[in-house]
Amino acid sequence: MDTILRINMGAEGGPEIKSEPLGDYAGLGGRAMTSTIVAKEVPPLCHPLGEDNKLVIAPGLLSGSVAAMSGRISVGCKSPLTGGIKEANSGGQPSQMLGRLGYAAIVLEGKPKDDTLYKVLINKDGVDIKADNSLKMLGNYDLVDKMKAEFGEKVHCISIGPGGEMKLSAATIAFTDMEQRPTRHAARGGVGAVMGSKGVKVIVIDDAGTSTRTPQDPEKFKAANKEFVAGLKKHPVTGEGLPAYGTNVLTNVVNEAGAYPTRNFSAGQFEGASKIGGEALAEMENSRGGEGSATNGCHKGCVIRCSGTFYDKNGNYVTKQPEYETVWANGGNCGIDDLDAIAQIDRLDDDLGIDTIEIGATIGVAMEAGLAKFGDSQAAINLVKEIGEGSPLGRILGNGAAATGRMYGVERVPVVKNQSMPAYDPRAVQGIGVTYATTTMGADHTAGYAVTANLLGVGGTVDSLKPEGQVELSRNLQIATAAIDSTGMCLFIAFAILDQPETFQALLDLLSGFGGQNLTADDVTALGQSVLKTERDFNERAGFTSKDDRLPDYFKKEALTPHNVTFAVTDEELDQVFNF
Amino acid sequence: MANTDSSISAETADQPPSLHLVLRVTDELLPLFCHLAEQGFEVEIQTGGSVREVLCRQLGIDEDYLDQRIQTIFLNAKAVDDVDSTRVDSGATLALSGAMPGLMGATLRKGGFFASLRRQISCDKNDRPPGSATASIIVKLFNLVAAELGPAFLQKGVHIKGQNFQEVLHRHLDKLAGAGASCELGQKAITLKDLAEVDLVDKMIFLRVAVKSPPVPL
Ligand code: SF4
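Nothing here was measured: the structure is a model prediction, and the numbers come from that model. Sequence positions are assigned chain by chain, starting from 1 and proceeding in written order. Labels are handed out in written order, letters beginning with A for the chains and numbers beginning with 1 for the ligands. The predicted origin of the model limits local features to residues at a pLDDT of at least 70 and limits the giving and counting of side-chain atom pairs to 80 or more, whereas totals for whole chains, interfaces and linings rest on all residues. As a rule here, side-chain values come from all non-hydrogen atoms in the structure, and water together with hydrogens is ignored.

**Q** Looking at this structure, how should I read the overall build of chain A?
**A** Here a strand is any run of E in DSSP of at least two residues, a helix any run of H or I of at least four, and the numbering for each starts at the N terminus. Helix and strand counts for chain A come out as 24 helices and 16 strands. Once the C-alpha set of chain A is aligned to its principal axes, its extents read approximately 60 × 55 × 50 Å. Only protein chains enter the accessibility calculation, which uses a 1.4 Å probe. A residue is then buried if its area is under 20% of the maximum for its type, exposed if over 50%, and partly exposed in between. A total of 580 residues make up chain A; the buried ones form 66% of that total.

Here's what the structure looks like:
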C-alpha cells in the first residue's frame, strides 16, 4: 500500500488519473489518512459539494493482510450535513481488495463540467474511467448486478444510489459485502452526496492476480494474530453475544435502562422493544433459516461475525441483518415494532444509498410534524420511497432530521451539528451525551466507542465515580476511538481488548509485526490525539466554535421518562473535553 | 444453577389467580419459550435481601454464574453496581443480562470502569434496615442469560402474562403441533389448536414447560 490514487474529475478534457507515492502521508491509514488529507488539502470554508472538496477513501493499515478484523475502510471529506470534517467507516470487501492492489487512498477531486456519470475500474493493470449515463438513478442492488455482468462475477463495488446522485445530505457510499451485495455503508454525514458531486457512480474493484500483503516480521505477526483471534473468541461479547444476537442485542437492555429514545425522543422506554430486539430477531432468522441467517461477517477475515442475513417469511432475501441503530431508528424511534417492516426500510435505504440512522431520525421528526402517525410502518415505508422518487417532500426528508425539522417547524429535533443522534438518549446516559455534543463528527455513536482509557493510559487514570469523570472519559474515549479507526480494525474488538490486557498487547504486536516497528500504547494514544486535533482544527477553521458543542435545548428542559432526568452536564464542563 | 426452594410457583396476593398450564414439548423446542423470560415473569421472594441473596439463595442461581456471566443488572430500570449492598423490595423488577457490546454495553455493566457515564440512572445503595416480607417481584432475563437460565425457570414454572404466552403460541403453533407437543389447562388435556382459541389476553397464567427428555437441573 504505497500508492495514492488521485482522480481529478474537473480536469480539462475529462477525468485525469494520477498515481503518486505516499509522501507526507506515509504510515497513515483509515481515519488518520482521510482526516489528514482533508485537513491539509480541503479549504475549510469551501462548499461541500463544490470543486474544492475532496472525497478520500482509505483502507485500514492492515487491510489486505491476513490480520483478523482488518477490513474496515474510512471515507472522509467536508460533510454536506454538518459542514465540518467527516470520517464515516464501513465494512465490506473493498478495503481488503484495495490493500492488495496497493492503494493506501483514493482521492476524488475537482468537479465535472456537466452531469455525466462515470464508472471507475481498478485492477492489477491499473485504473480506467469511463462515462456511463445508463447508470443514472440506478439503485445500488441493480447497479452491482450490472457491474458484475460487465466486469465479471468476482468484482466488488464502492457505489452511490439515487441518494448520492441527488446529493442528499443523508446519502451514503455502499461497499459490497462477502456476498457481493451493497449492504455495508459509510453512512453518516452525507459522504455519498460528495461522491455524487464528483460524478462518480461506482468504483469497481477486481483484485484478481494480486496476493495478500506480507508483514515485515512474519513470525511476530503470525503469533500475534493467533493470540488476537483467541482473545476475541474467548470473550463473552465478541465470542458469544455478538455472533448469536448481533448488535441488536442492545435493544432490550437499553430499553430496560430507560435510555431507548422512543417516538422521536419523547420517552425512554418502548413497549414494543422485545418484539424487535436481538433475541426476537435471532429467533426469527433461525426459524426462517437460509444461508448466513443469524451469524455472518461483513468481510472476510472477521472472526466476530456480528452480522447476519434477513430473509422474509417465504425465504426470500431482503437485506443484511439490521443493526441495533437501524432497528432503533426505524423501530422504536418511530413507534414501530415490526421487524419485517424495519428490514424493508433497511433494504430501501441501502438501495437508495441513504443513512438508516439519519433517515429513521428524520421519519421520527416527520411523524412528530404530523406527516404520519407514530407506529404506522406502511407510512414510514412510503416516506422512504418518496425520497427515492425525488419529490419535493422526498428531498426535504433526504436532507435529514435538521432540514425536516426546520421545514415543518418541529422543536424536538435530536441533532448535534445537524447530524441526528443515534440510539441512546443522552439524558439517561449523560456521559454519552458529552460525546454527542463534543465530537468533531456531529452526534455520533462510534465516536465514543472504544478501548478503555486506563489501558491506553490516555490522560492519566480517571476516578469514574467523580462527576468530572464523564468529561474525562468522553475525551479519552474519543482519542482511543480515533486511534482504532486509524488502524482499520473493527471497533467491536474494543470489548476484548478492554477486558483482556493480553489481547490488547496482541493487537499492538500485530501492528508492530506488520509494519516492522515497535508500537507501544503511547504511540497509539499519540495517533488518536493527533487525529482529533487535526479534525478539531479543521472544524475551527470552518467556523465552528464551542457553541456548536451543545445538545439541543430541549434535552435540558424536557425530563425523560421513566427516570425523569434532564441533561445536566454544564457548558463549562463540555468545554473541558478538548483540553489536551 | 444450584438447587432452590424458591416459591416461584406460588400465587400472588394482588393478582387474580393464575390459570395453570402445562406444556409438554421435546427439549429442542424449549428455547422457543425463552422469549417469555425477556418480557418478565413473577416470582415470590422474601424482600429485604440483597440482589445476591435473592438471585442466588432464593432463586437458586449459582454465585459464580452471577459474578461472571451476569454482567448487567437493572433494578427498577436502574443499573446495579454492587449486588451485595443493593436490596430488593416488594414490587421490584430485576432484569439480568450478559455482557453487552460497545460503549453502551461497557457503561451499563455492573461496577464497570465507565459507570460514571450513567451515574444519573445508577441504583443507589439502600442503607435502610431490611424489613422482610413475602412479596412478588418481576424477573426479566435477556440474551445469553435467557438462553441459559430460561429453560430451568420454565421447567419449574413461571407466572406470566397470558397475552405474552399467546403471542408465542400463535407464532410457533405449527412447529409445536408438528413436533407432537401436548398441553393441559387446569389439569385437563386440551389440544394446542383449542388452546390457541382461549382468550388469555387479560389473564395471568402459571406456565410449566415439561420436556420429554431429562430436565436441565436447577
Ligand atoms: S464484528 Fe461485525 S461490524 Fe465488525 S467486522 Fe465483523 S461483521 Fe463487520
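**Q** Would you mind showing me how to read the confidence of the model for chain B here?
**A** In low-pLDDT segments, the atomic positions of the prediction should not be examined closely. All names here are of chain B. Per-residue pLDDT for chain B averages 85, and the proportion of residues at 70 or more is 87%. One confidence number per residue, pLDDT, is output by the predictor and ranges from 0 to 100. Here helix α4 (residues 102-108) stands out as the least confident element of chain B, with mean pLDDT 79; strand β5 (residues 93-97) is the most confident, with 96. Here residues 1-13 is modelled with pLDDT under 50, and outside its nearest four sequence neighbours on either side it reaches 44 contacts, counting other chains as well. Across the interface, the model reports ipTM at 0.86; the global pTM reads 0.92. Should any heavy atoms of two residues lie within 4.5 Å, those residues are considered in contact.

**Q** Got a minute to help me understand the packing of helix α3 (residues 140-151) of chain A against helix α12 (residues 339-352) of chain A in this structure?
**A** Residues and elements named next belong to chain A. Note on geometry: axes are lines fitted to C-alpha atoms, helical ones only across the stretch in contact, with angles between N-to-C directions running from 0 to 180 degrees. Direction vectors running N to C along α3 and α12 enclose 55°, while the axes themselves pass 6 Å from each other. Judged by the angle between their axes, α3 and α12 are oblique. Only Arg-347, Asp-350, Asp-351 and Leu-352 of α12 make contact with α3, whose side of the interface consists of Asn-140, Tyr-141 and Asp-142. Here the residues of the contact of α3 with α12 sort into two nonpolar, one polar and four charged. If an angle is under 35 degrees, it is roughly parallel; if it is over 145, roughly antiparallel; if it lies from 65 to 115, roughly perpendicular; otherwise it is oblique. Side-chain classes are defined by residue name, with Ala, Val, Leu, Ile, Met, Phe, Trp, Tyr, Cys and Pro counting as nonpolar, Asp, Glu, Lys and Arg as charged, and the others, Gly among them, as polar.

**Q** Would you mind going over the pairing of strand β12 (residues 200-205) of chain A with me for this structure?
**A** Moving residue by residue along a regular strand, the side chains alternate between the two faces of the sheet. All names here are of chain A. A large share of β12 lies buried, amounting to six of its six residues. Bridge analysis of strand β7 (residues 118-123) against β12 gives five bridges, and the strand direction is parallel. Its bridge partner being in β12, Ile-122 is matched across the sheet by Ile-205. The rule for pairing is simple: two strands pair if DSSP sees at least two bridges between them.

**Q** Explanation requested: the sheet that holds strand β8 (residues 126-131) of chain A in the structure shown.
**A** Where strands meet in a sheet, backbone hydrogen bonds hold them as pairs that are either parallel or antiparallel. All names here are of chain A. One open sheet holds the six strands; their spatial order is β8-β7-β12-β9-β10-β11, and the pairing between them is mixed. Strands at the two margins of the open sheet, each flanked by one partner only, are β8 and β11 (184-186). The average angle at which neighbouring strand axes cross in this sheet is 20°, direction not considered. The pairing of strand β9 (residues 156-159) with strand β10 (residues 173-175) spans two bridges and is antiparallel. Pairing of Ile-158 across the sheet is with Phe-175, part of β10. Contacts from helix α2 (residues 94-101) reach β7, β9, β10 and β12 within the one sheet, and its direction differs from that of β9 by about 105°.

**Q** Would you take a moment to explain the environment of Arg395(A) for this structure?
**A** All names here are of chain A. Relative to the helices and strands, Arg-395 resides in helix α15 (residues 392-398). Along the sequence, Arg-395 and Ile-479 sit 84 residues apart, while their C-alpha atoms lie 35 Å from each other. With near-sequence residues (within four places) excluded, Arg-395 lies in contact with Met-166, Leu-168 and Gly-390. Here the side chain of Arg-395 touches Gly-390 through a polar contact of 3.3 Å, landing on its backbone oxygen. Two N or O atoms form a polar contact when they lie within 3.5 Å of each other; inside protein one atom must be a possible hydrogen donor and the other a possible acceptor, and for residues adjacent in sequence the pair counts only when both atoms belong to side chains.

**Q** Which parts of the structure should I look at to understand the side chain of Gln96(A)?
**A** Residues and elements named next belong to chain A. Counting through the fold element by element, Gln-96 comes out in helix α2. Within polar-contact distance, the side chain of Gln-96 engages the backbone nitrogen of Gly-64 at 2.7 Å. Discounting residues that sit within four places of it in the chain, Gln-96 has contacts with Ser-63, Gly-64, Ser-65, Ser-70, Gly-71, His-299 and Lys-300.

**Q** Honestly, the site of the ligand in this entry has me stumped. Any pointers?
**A** By convention in these notes, a residue is near a molecule or strand provided one of its non-hydrogen atoms lies within 4 Å of it. Around the ligand, the neighbouring residues are Met69(A), Arg72(A), Gly297(A), Cys298(A), His299(A), Cys302(A), Ile304(A), Arg305(A), Cys306(A), Cys490(A) and Phe492(A). Of the residues contributing to the shell around the ligand, the split by class is seven nonpolar, two polar and two charged.

**Q** Looking at this model, I keep getting lost on the environment of Ala257(A). Mind explaining?
**A** Residues and elements named next belong to chain A. Secondary-structure assignment places Ala-257 in the loop between α8 (250-256) and α9 (273-276). A relative accessible area of 0% means that Ala-257 is categorised as buried. Counting along the chain gives 196 residues from Ala-257 to Leu-61, while the straight-line C-alpha distance between them is 37 Å.

**Q** Explanation requested: the domain arrangement of chain A in the structure shown.
**A** Residues and elements named next belong to chain A. An automatic or database domain assignment provides the domain bounds reported here. The domain architecture assigned to chain A consists of domain 1 (3-205), domain 2 (246-420) and domain 3 (430-574). Computed from C-alpha atoms alone, the centre-to-centre distance between domain 2 and domain 3 is 25 Å. Taken together, the contact pairs 21 residues of domain 2 with 25 residues of domain 3. Note on definitions: buried area is the accessible-area loss of two parts on being combined, 1.4 Å probe, summed for both. Across the interface of domain 2 and domain 3, roughly 1,700 Å² is buried in total on both sides, 59% from carbon and sulfur atoms. We define a salt bridge as a side-chain nitrogen of Lys or Arg found within 4 Å of a carboxyl oxygen belonging to Asp or Glu. In this structure, the connection of domain 2 to domain 3 is made through two salt bridges. Note that Arg-412 is salt-bridged to Glu-558, the shortest N-O span being 3.0 Å. Our count for the domain 2 to domain 3 interface comes out at six residue pairs in polar contact (both at pLDDT 80 or more). Elements with a contribution of two residues or more to the side of domain 2 that touches domain 3: β15 (415-416) and β16 (419-420).

**Q** Quick question: what am I supposed to make of the packing of aromatic side chains here?
**A** Between two aromatic rings, the relevant description is the distance of the centres plus the angle of the planes. All names here are of chain A. In this scheme Phe, Tyr and Trp rings, the latter by its six-membered ring, pair at centre separations within 6.5 Å, and the angle between planes marks the pair as stacked below 30 degrees, edge-to-face above 60, and tilted otherwise. Scanning the entire structure with this criterion turns up nine aromatic pairs over all chains. Three or more aromatic residues link up through ring pairs in this structure, and these residues are Phe-265, Trp-328, Tyr-554 and Phe-555. Lysine NZ or arginine CZ positioned within 6 Å of the ring centre and within 35 degrees of the ring normal marks a charge as sitting over the ring. The aromatic ring of Tyr-317 is capped on one face by Arg-181, whose charged end is 3.7 Å from the ring centroid. Against the face of Tyr-141 rests Arg-347, its NZ or CZ located 3.7 Å from the ring centre.

**Q** When you look at the interface of chain A and chain B in this model, what are you seeing that I'm missing?
**A** Bring the parts together and some accessible area is lost; that lost area is often taken as the interface size. Contacts between the two partners involve 48 residues from chain A and, on the opposite side, 43 residues from chain B. Carbon and sulfur atoms make up 66% of the area that chain A and chain B hide from each other, which totals about 3,800 Å². When the buried area of chain A at its contact with chain B is split by residue, Val253(A), Glu256(A) and Glu283(A) rank highest and sum to 17% of it. The interface formed by chain A and chain B contains three salt bridges. For Arg171(B), the salt bridge is made with Glu283(A), and the minimal N-O distance between the two is 3.3 Å. Broken down by secondary-structure element, the contributors of at least two residues to the side of chain A that touches chain B are α7 (236-245), α8, α9, α10 (278-288), α17 (430-438), α18 (453-456), α19 (469-487) and α20 (494-499) of chain A. Take the side of chain A that touches chain B: its biggest share by element is six residues, from α7(A).

**Q** Whenever I open this one, the packing of α12(A) against helix α14 (residues 377-389) of chain A confuses me. Can you help?
**A** For any two helices packed against each other, the geometry comes down to the angle between their axes and how far apart the axes lie. All names here are of chain A. Two elements in contact, α12 and α14, have axes separated by 10 Å at closest approach and are oriented at 5°. It follows that α12 is roughly parallel to α14 by the angle criterion. Across the interface between the two elements, Ala-341, Gln-344, Ile-345, Leu-348, Asp-349 and Leu-352 of α12 pack against Ser-377, Ala-380, Ile-381, Val-384, Lys-385 and Gly-388 of α14. By residue class, the composition of the contact of α12 with α14 is seven nonpolar, three polar and two charged.

**Q** When you look at unusual backbone geometry in this model, what are you seeing that I'm missing?
**A** Of all residues except glycine, most have a negative phi; of all peptide bonds, most are trans. Cis peptide bonds are those with omega within 30 degrees of zero, and the linkage from Thr561(A) to Pro562(A) qualifies with 0°. Tracing the backbone shows Pro562(A) in the loop between α23 (554-557) and α24 (571-574). Backbone geometry at Asn564(A) places phi at a positive 50°, although glycine is not the residue there. Within the secondary structure, Asn564(A) is located in the loop between α23 and α24. Of note, Asn143(B) is a non-glycine position whose phi angle comes to about 40°, a positive value. Residue class for Asn143(B) comes out buried when judged on its relative accessible area of 2%.

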